[in-house]
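Breakdown of the fold
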Amino acid sequence: MKKFTYAIAAVFILAGAHAALAEPMKCSGEQKTCTTVCARLPAGQIQLCMENCRVSQANCMRSGCWASGANRYCGLMKQ
């Protein structure tokens, strides 16, 4: 499970770094990235991953911060 968490965190870091250069990041953009990552997982892991995306999205809309595993970054637009 640790390897899975680290892999998800790495994807979010890379996706976030790219998006930061292009335009201000939005919670909705992080949600799309999260669900895209989930779709690539084995069938048994997709449901839990999607639920984690939904929770992260709800938290992001409240706080402007996206948390994925050990990473947390703030200042996101709440859209």
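A brief structural summary. Only a predicted model underlies this, so the values are computations on that prediction, with no experimental measurement involved. (Residues numbered from 1 in each chain as written. Predicted model: local features only at pLDDT ≥ 70, side-chain atom pairs only at ≥ 80, totals over all residues. Heavy atoms only, no water.)

The next point concerns the packing of helix α2 (residues 27-39) against helix α3 (residues 43-63). Axis separation between α2 and α3 bottoms out at 9 Å; the angle between their running directions is 175°. On the basis of their axis angle, the class for α2 and α3 is roughly antiparallel. Two secondary-structure elements touch here, α2 through C27, S28, Q31, C34, T35, C38 and A39 and α3 through I46, C49, M50, C53, R54, Q57, C60 and M61. Here the residues of the contact of α2 with α3 sort into ten nonpolar, four polar and one charged. (Axes fitted to C-alpha atoms, helices over the stretch in contact; angles between N-to-C directions. Helix = DSSP H or I, 4+ residues; strand = E, 2+ residues; numbered from the N terminus. Parallel < 35°, antiparallel > 145°, perpendicular 65-115°, else oblique. Contact = heavy atoms within 4.5 Å. Nonpolar A, V, L, I, M, F, W, Y, C, P; charged D, E, K, R; others polar.)

What follows is about the nonpolar core. M25, C27, C34, C38, L41, C49, C53, C60, W66, Y73 and L76 together form the largest nonpolar core, which totals eleven residues. Every element with two or more residues in this core is listed here: α2 and α3. (Core = buried A, V, L, I, M, F, W, Y, C linked by side-chain atoms within 4.5 Å. Buried < 20%, exposed > 50% of the residue type's maximum accessible area, 1.4 Å probe, protein only.)

The next point concerns α3. If you check α3, its first and last C-alpha atoms are 31 Å apart, about what 21 residues at 1.5 Å a residue would give, namely 30 Å. Of all the positions in α3, only C49, C53, S56, Q57 and C60 are classed as buried. Projected onto a plane normal to the axis of α3, the buried residues spread over an arc of 105° and lie on a single side. Set apart from the buried face of α3 by more than 90 degrees, the exposed residues are G44, Q47 and R62. After α3 finishes, the residue G64 shows a positive phi value of roughly 80°. (Expected span 1.5 Å × (residues − 1). Arc of directions from axis to C-beta.)

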